[in-house]
Amino acid sequence: MSRKSERLVNLTIALLATKRFLTKSEIFRNIEGYEGSEESKERMFERDKDDLRSLGIEIEVGGLDPLFNDEAGYRIKPESYSLNLGDLDGIDIALLSMAAQAWHGQALNSAAHSALVKLNSIGINSDVDSIPTLAPRMAWSSEELTVVLEAIAERRSIKFSYTNKELIVEIRTVQPYAVASRGGHWYFTGMDTSKSELRTFRFDRVHGQIEVDATALAYEIPEGFDLLKNFEQDMRISTAVLEVRQGKAFELRKMATAVEQLGEWDRITCEYFDESSFIDLVLWHLDDAVVLEPQALRDSIISSLNEILDMHG
Amino acid sequence: MVKNKALPLIATERLLALVPYISAHQGVSIKELSEIFGVTASQINNDLTTLWMCGLPGYTPLELMDLSFESGYVTIQNAPTLKAPRSLTFEEIISLLFGLDLVRDSVKDNQELQKSIEKLVARLSEKSDIQSRLRASNPVSGVIRAAIEKAIDTKGLLTCEYHSLYSDQYSVRTISPLELRIDGGVEYLFAYCVTSQAFRTFRVDRIGKVENVEKTLDVKAEASYQDEKFLHFTVKIHNRLRAMKERFYIEESIVETGNSLSSYSAQWILRSIIASSGSVEIIEPEEIRLKVVSKAQEIMAQYASNERS
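Since the model is a prediction, treat every value here as computed from it, not as a measurement. (Residues numbered from 1 in each chain as written. Chains lettered and ligands numbered in written order. Predicted model: local features only at pLDDT ≥ 70, side-chain atom pairs only at ≥ 80, totals over all residues. Heavy atoms only, no water.)

1. Focus on the domain arrangement of chain B
We count it as follows: What marks off one domain from the next here is an automatic or database domain assignment.
Domain parsing of chain B yields domain 1 (7-77), domain 2 (90-127), domain 3 (142-225) and domain 4 (231-305). One C-alpha centre belongs to domain 1 of chain B, the other to domain 4 of chain B, and the line joining them spans 62 Å.

2. A word on the nonpolar core
Spelled out, the test is: Side-chain atoms within 4.5 Å are what join buried Ala, Val, Leu, Ile, Met, Phe, Trp, Tyr and Cys residues into a set we call a nonpolar core. Classification of residues uses two cut-offs on accessible area relative to the type maximum, computed with a 1.4 Å probe and protein chains only: under 20% is buried, over 50% is exposed, and between them is partly exposed. Only runs of H or I of at least four residues qualify as helices and only runs of E of at least two qualify as strands under DSSP, and these elements are numbered from the N terminus.
In terms of nonpolar packing, the biggest core is built from 59 residues, with A:Val179 and B:Phe98 touching the most fellow members. Ranked by residues supplied to this core, first place goes to helix α4 (residues 90-106) of chain B with 8 residues. Formed by 48 residues, the second largest nonpolar core is a distinct cluster that contains B:Ile237, B:Ile274, B:Ile299 and B:Tyr303.

3. A look at the packing of helix α2 (residues 30-37) of chain B against helix α3 (residues 41-52) of chain B
Residues and elements named next belong to chain B. How we decide: Each axis is a line fitted through C-alpha atoms, taken for helices only over the stretch in contact, and angles between the N-to-C directions span 0 to 180 degrees. Angles below 35 degrees are treated as roughly parallel, those above 145 as roughly antiparallel, those between 65 and 115 as roughly perpendicular, and all remaining angles as oblique. Contact between two residues is taken to exist if any of their heavy atoms lie within 4.5 Å; hydrogens are not considered. Amino acid classes used here: Ala, Val, Leu, Ile, Met, Phe, Trp, Tyr, Cys and Pro are nonpolar; Asp, Glu, Lys and Arg are charged; the rest, including Gly, are polar.
Two elements in contact, α2 and α3, have axes separated by 8 Å at closest approach and are oriented at 100 degrees. Regarding the angle of α2 to α3, the classification is roughly perpendicular. Along the contact surface, α2 presents Ile30, Leu33, Ser34 and Phe37, while α3 presents Ala41, Ile44, Asn45 and Leu48. For the contact of α2 with α3, the per-class residue count stands at 6 nonpolar, 2 polar and no charged.

4. Some details on the sheet that holds strand β12 (residues 289-293) of chain A
Residues and elements named next belong to chain A. Defined as follows: For two strands to be treated as a pair, DSSP must find no fewer than two bridges joining them.
Strand order in the open sheet made by the 4 strands is β10-β11-β9-β12, with antiparallel pairing throughout. Every interior strand has two partners, whereas the edge strands, β10 (256-261) and β12, have only one. Pairs of neighbouring strands in the sheet enclose a mean axial angle of 25 degrees, with direction left out of account. Where strand β9 (residues 238-245) meets β12, 4 bridges bridge the pair, whose relative direction is antiparallel.

5. Observations concerning the sheet that holds strand β1 (residues 22-23) of chain A
Spatial strand order, β1-β3-β2 (chain A): 3 strands in an open sheet with antiparallel pairing. Two strands lie at the open edges of the sheet, namely β1 and β2 (60-62) of chain A, each paired on one side alone.

6. Some thoughts on the interface of chain A and chain B
Put simply, the test is: Reported buried area values correspond to the accessible surface (1.4 Å probe) lost by two parts on association, with both partners' losses combined. In what follows, salt bridge is the name for a side-chain nitrogen of Lys or Arg lying within 4 Å of a carboxyl oxygen of Asp or Glu. N or O atoms within 3.5 Å of each other form a polar contact, as long as, within protein, one can give a hydrogen and the other can take it, and as long as residues adjacent in sequence are counted only when both atoms are side-chain atoms.
Facing the 128 residues of chain A at the interface are 123 residues of chain B. Interface area for chain A against chain B, summed over the two sides, is near 10,700 Å², with a carbon-plus-sulfur share of 65%. Per-residue buried area on chain A facing chain B is highest for A:Leu55, A:Trp284 and A:His312; these three make up 8% of the total on that side. The interface formed by chain A and chain B contains 9 salt bridges. In this assembly, chain A and chain B are joined by 39 residue pairs in polar contact (both at pLDDT 80 or more). The residue makeup of the side of chain A that touches chain B, split by class, is 69 nonpolar, 33 polar and 26 charged.

This is the structure:
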């Protein structure tokens, strides 16, 4: 085992240090570890190249010199090999370290950890004293997160089983555009190709594995696609006027754009997106919150109350 | 994405990472390296022995890396080619971008840090092909969590403002935080509440304005969980199946025939049933079922007395 990794490290060093392309015969002659027949050296080298590439190391091929026997040459560009985030100071390193620690125990923990090791290898000391004490944390994440992210980066369609509103599992095909987390859940948004509509999906409603299509660059993400706007579920904002009891209904008060005090009750104006979840929220506050306007919303709440009474009567 | 990399490749990756790390931390101990790289000290020793054989072609002492580690402390010389850490992988960039979102949310009022974060996000985005199509968030601020973790570590007390969703009340409490846990994407804090003299579970996203108190309290956590009694109840979902399944944390895939559940708050059960707006029926216990009816009538009465049109 150590022979193989020793050879790979030596190959990396040689390809990194060279200013010009190294030919295969130069590699076999000079780099320790290539032994045996010409054929087995070839095989060894092919495998080594694949292995280094699988580690994310870019090997450039080129240097066909017309004057000589046009044998291909190889090298690794230091610019692509080494980390370069421009000028960083101690505060930057502290912020990035904090960011990496947010993944503690979650899906991208090992990637975040190896990023942290690299950042700590630049030779700049983290200046933690200059930033507040923080403990940012991802509350939940999905192993499928990186599958979708890579699909987005490579513009590949994905296919998966998804639980719909009526709890029926359907197969969906989506060109993913974006990933975001809100309120403890992870979502991805994309063009649902069977419905020809932008849709948002919650990771924990996906069943089993997400299948990634073999074709890369299969679609384009529309210019000006606004992630945040889309996560507001492109719904129109509605306004309601409510009366809420003093010292109660804090969740509704948080949504208020105007408050008028009336003694035992306060009159507040709220903006909301989704009617049915707003009704749920109003009813959560029991007899501490009453909708005055619009009449249609008031009627919906009264009819919900009638349903509750019929059901439990 | 490479999963389950072969052993020699994992080793190669580690070797390539060790050189820059040691270069930036001359004299680092083997013990520390084994913690950072997540392998045994003897594995680190093997790695260093391997690196000792590596260098530029020629492989005379002039070209080889110069490592010394016999003392248990490691120094490295003559390794200019591998001295810089490797560029970040796709997953590493993503993990940092998402993490920075949370850091940014936690330092909202610090302009300078906001600026630094924007700069870092821009540079990282450039390196990935994914740009700004990501956004992570967490309703819990990193500042509040840090204060809680500090209190847990030091067995210290914490004063906090708490908004209980179940009783819809704000209170200021002094608590002794014991354990943070995550359930279904929601963070909870298990603590001894000095104010109410009982063990309580708090939703961390409802905790505001915390302050560490320079006083400690030794709480025996073992006896604690019995403090909270579970109530068993049965519900039947009539419509809005997925939304209601998620609201009541139902694990089973079949919901139409009724589900047995438990909660430690009758208040939560009552509010959740009424806030389901007629989509969920409570079958048992009879007590809560009756309470649902009387509460719904009270709300109805509010609407009747509030008839202003």
